[in-house]
Amino acid sequence: MVVEFPVKAGSADHKGFVSANDVSIGEQFATQLFLQTYWADNSVSCTITFHKEENSKIAGLLQQYRSRCKSTSLLPYSGHGFAQAPKEPISKAAYLERKAKIGADVAELYRTLRLKEQKDLEIVDQSDCVGGACPVK
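Counting from 1, residues in each chain are numbered in the order their sequence is written. For this predicted model, a pLDDT threshold of at least 70 governs which residues receive local features, and a threshold of 80 or more governs which side-chain atom pairs are given and counted, while totals over whole chains, interfaces and linings are taken from all residues. In computing side-chain properties, one takes all heavy atoms of the structure into account and sets aside hydrogens as well as water.

The name given to the protein in an unreviewed UniProt entry is Ribonucleotide reductase of class II, and the organism recorded there is Sporolactobacillus inulinus.

The next subject is the overall build of the protein. Elements are defined by DSSP. Helices are runs of H or I of four residues or more, strands are runs of E of two residues or more, and each kind is numbered from the N terminus. Each helix and strand in the protein was counted, giving four helices and two strands. Scanning the protein from its N terminus toward the C terminus, one meets helices and strands in the order α-β-α-β-α-α. Remark: exposure states derive from per-residue accessible area (1.4 Å probe, protein chains only) relative to the maximum for the residue type, with buried under 20%, exposed over 50%, and partly exposed in between. Buried residues in the protein amount to 18% of all 137 residues. We call two residues in contact when some of their heavy atoms are within 4.5 Å. Sequence separation of at least 24 residues holds for 66% of the intrachain contacts in the protein that already meet a minimum separation of 6. Residue-level accessible areas treat just the shown protein chains as cover; the underlying method is Shrake-Rupley with a 1.4 Å probe. When the accessible surface of the protein is summed, it comes to about 11000 Å², and 55% of that surface belongs to carbon and sulfur atoms.

A separate point is the packing of helix H1 (residues 25–40) against helix H2 (residues 58–65). The axes of two packed helices give the description: the angle between them and the distance between them. Axis lines are fitted to C-alpha atoms, over the contacting stretch for helices. Their N-to-C directions set the angle, which ranges from 0 to 180 degrees. Contact geometry of H1 with H2 gives a least axis separation of 10 Å together with a crossing angle of 15°. Here H1 lies roughly parallel to H2, going by the angle between them. Where H1 crosses over H2, the handedness of that crossing is right-handed. On the side of H1, the interface is formed by Ile25, Gly26, Phe29, Ala30 and Leu33, while H2 contributes Ile58, Leu61, Leu62 and Tyr65. Roughly parallel means an angle under 35 degrees; roughly antiparallel means over 145; roughly perpendicular covers 65 to 115; every other angle is labelled oblique. If you view the pair so one helix is near and one far, a crossing is left-handed when the near helix is turned anticlockwise from the far one by less than a right angle, and right-handed when it is turned clockwise.

Pairing between strands requires that DSSP locate at least two bridges from one strand to the other. Across five bridges, the pairing between strand E1 (residues 46–50) and strand E2 (residues 72–76) is parallel. The partner of Thr47 across the bridge, within E2, is Ser73. The path from the first strand over the helix to the second decides the hand: if it runs clockwise while the strands point away from the viewer, the crossover is right-handed. Of the crossover connections in this fold, the one passing from E1 over H2 to the parallel E2 is right-handed.

Relative to the helices and strands, His80 resides in the loop between E2 and helix H3 (92–100). We call two N or O atoms a polar contact when they sit within 3.5 Å, provided that within protein one can donate a hydrogen and the other can accept it, with sequence-adjacent residues counted only if both atoms are side-chain atoms. Of note is the side chain of His80, whose polar atom sits 3.1 Å from the backbone nitrogen of Phe82. What His80 contacts, discounting residues up to four positions off in sequence, is Leu75, Ala85 and Lys87.

To continue, consider the nonpolar core. Of all hydrophobic cores here, the largest spans 10 residues; its members are Ile25, Phe29, Leu33, Cys46, Ile48, Phe50, Ile58, Leu61, Tyr65 and Cys69. For this core, the elements supplying multiple residues, two or more each, are H1, E1 and H2. Apart from residues lying up to four places away in sequence, Leu33 is in contact with Tyr65, Arg68 and Cys69. To form a nonpolar core, buried Ala, Val, Leu, Ile, Met, Phe, Trp, Tyr and Cys residues must be joined to one another through side-chain atoms within 4.5 Å.

Throughout this description, the term salt bridge denotes a Lys or Arg side-chain nitrogen within 4 Å of a carboxyl oxygen of Asp or Glu. Tallied over the entire structure, the rule returns three salt bridges. With a shortest N-O distance of 2.9 Å, Arg98 and Glu4 are connected by a salt bridge. Residue Arg98 is located in helix H3, and its partner Glu4 is located in the segment before H1; the two are separated by 94 residues in the primary sequence. Overall, the relative accessible area of 28% leaves Arg98 in the partly exposed class. Take Glu4: its relative accessible area is 45%, and that puts it in the partly exposed class.

Given below as structure tokens:
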């Protein structure tokens, strides 16, 4: 089964909004390193997108960030031809069309599915947890 999630950035309608289309490959690497250093203090998984005209910058940026960035994937921004790309740009019209096809209350559907998954679980309080390990019941 393949599932699609049409997503619109929360600030997409703001006049100063910058989309992935507008952020250079170099700025994306720098942002990943910044977040990895000052936010996560660990590995930050990142898919960096690039335009065809940025192909020549890839080797130099990988060399520059090789010892500091971890878990970096590269994906052409568009025109890659992957049948199941992890993300892809779509127009506002395509987004609205796909969003209109969602007929259920997604939050309610999620809650219902979570209840079904948890029906055989028993909630235990912390008094059952010795040394930070809670028993499986």
